Amino acid sequence: MRLLLVEDDPLLGDGLKLGLQAEGYTVDWLTDGAQALHSLLTEDFDLAVLDLGLPGMDGMEVLKAIRDKGLGLPVLILTARDAVKDRVGGLDQGADDYLTKPFDLEELSARLRSLLRRSQDRAVPVLEWGELSLDPAAREVRLAGETVELSRKEFAMLHYLLEHQGRVVSRERLEQALYGWDTEIESNALEVHVHKLRKKLGSKLISTVRGVGYRIG
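It should be emphasised that the depicted structure is a prediction, and the values quoted were computed from it without experimental measurement.

Colleague: Looking at this structure, I do not really get the packing of aromatic side chains. What am I missing?
Modeller: Here the distance between the centres and the angle between the planes together describe a pair of aromatic rings. Evaluation of the coordinates by the stated rule reveals zero aromatic pairs. In this structure, Arg139 packs its charged tip against the face of Phe155, placed 4.2 Å from the ring centre. Over the aromatic face of Tyr179 sits the side chain of Lys153, whose NZ or CZ is 4.5 Å from the ring centroid.

Printed below as a string of structure tokens:
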């Protein structure tokens, strides 16, 4: 899943980026509210973690602007503002969750997984397709009850395709979801991941839609 982190504290932002990447997210990090608004309106993200006290544009203004534009991606506010009026204001402005600093990374990760499930209208945490199951919290994949070891990128691709099962996911969207801004992508990177997933999980799991992208189901 591709996540936009908007946090102007360099130490916290760097730590959050590394921690969320270790949880399997592709994390793009910005420190300026106006830049965040532009990126949210022009690129595709699955989630946003948004601080409120930002240079350029306050986080609450960013949130209001994207909701006024009809952008429905899940947004979690992560801020030091812990007054009840701030929490109520953030939720009323369109935030999906509100977490105050200091916080525990494990709780943040659980809240993000919950937001993703709700955004996909999915009540259960484990994703399934036939005899295949993927548990995002445990970062575990099983096929016919047997654990299958996947690399981080293989897991991320499978997770994304299962989240969108039955739909074709474009190459561009998959590249954004897996790599974000910070990585230079080899031209055949997706094909390599698909080949390895088919080898480990079965040749018929992932369908190639020529000129468009990939699909499960």
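Colleague: Any chance you could explain unusual backbone geometry here in plain terms?
Modeller: Generally, phi is negative for residues other than glycine and the peptide bonds are trans, each holding for most cases. Of note, the amide linkage connecting Lys101 to Pro102 takes the cis form, showing an omega dihedral of -5 degrees. With respect to the element layout, Pro102 can be found in the loop between β5 (97-100) and α5 (105-119). If you check the backbone angles, Arg139 has positive phi at about 50 degrees while not being a glycine. Here Arg139 is to be found in the loop between β7 (132-135) and β8 (140-143). Arg139 gets classed as partly exposed once you look at its relative accessible area, which sits at 28%. One non-glycine residue, Ala144, adopts positive backbone phi at about 55 degrees. Considering the arrangement of structural elements, one finds Ala144 in the loop between β8 and β9 (146-148). With a relative accessible area of 47%, Ala144 lands in the partly exposed category.

Colleague: Just to check I follow, could you spell out the pattern of salt bridges for this structure?
Modeller: Oppositely charged side chains can pair when the atoms bearing their charge come close. Throughout the structure, instances matching the rule amount to 16 salt bridges. Measuring nitrogen to oxygen at the nearest pair gives 3.6 Å for the salt bridge that ties Asp51 to Lys101. Linking Asp51 in the loop between β3 (47-50) and α3 (59-68) with Lys101 in the loop between β5 and α5, this pair joins segments that are 50 residues apart in sequence. Judged by relative accessible area, Lys101 falls into the partly exposed class, the value being 22%. Taken together, the salt bridges that share partners define one network made up of Arg2, Asp28 and Glu43.

Procedures and definitions
- Residues numbered from 1 in each chain as written.
- Predicted model: local features only at pLDDT ≥ 70, side-chain atom pairs only at ≥ 80, totals over all residues.
- Heavy atoms only, no water.
- Phe/Tyr/Trp six-rings, centres within 6.5 Å; stacked < 30°, edge-to-face > 60°.
- Lys NZ or Arg CZ within 6 Å of the ring centre and 35° of its normal.
- Helix = DSSP H or I, 4+ residues; strand = E, 2+ residues; numbered from the N terminus.
- Buried < 20%, exposed > 50% of the residue type's maximum accessible area, 1.4 Å probe, protein only.
- Salt bridge = Lys/Arg side-chain N within 4 Å of Asp/Glu carboxyl O.

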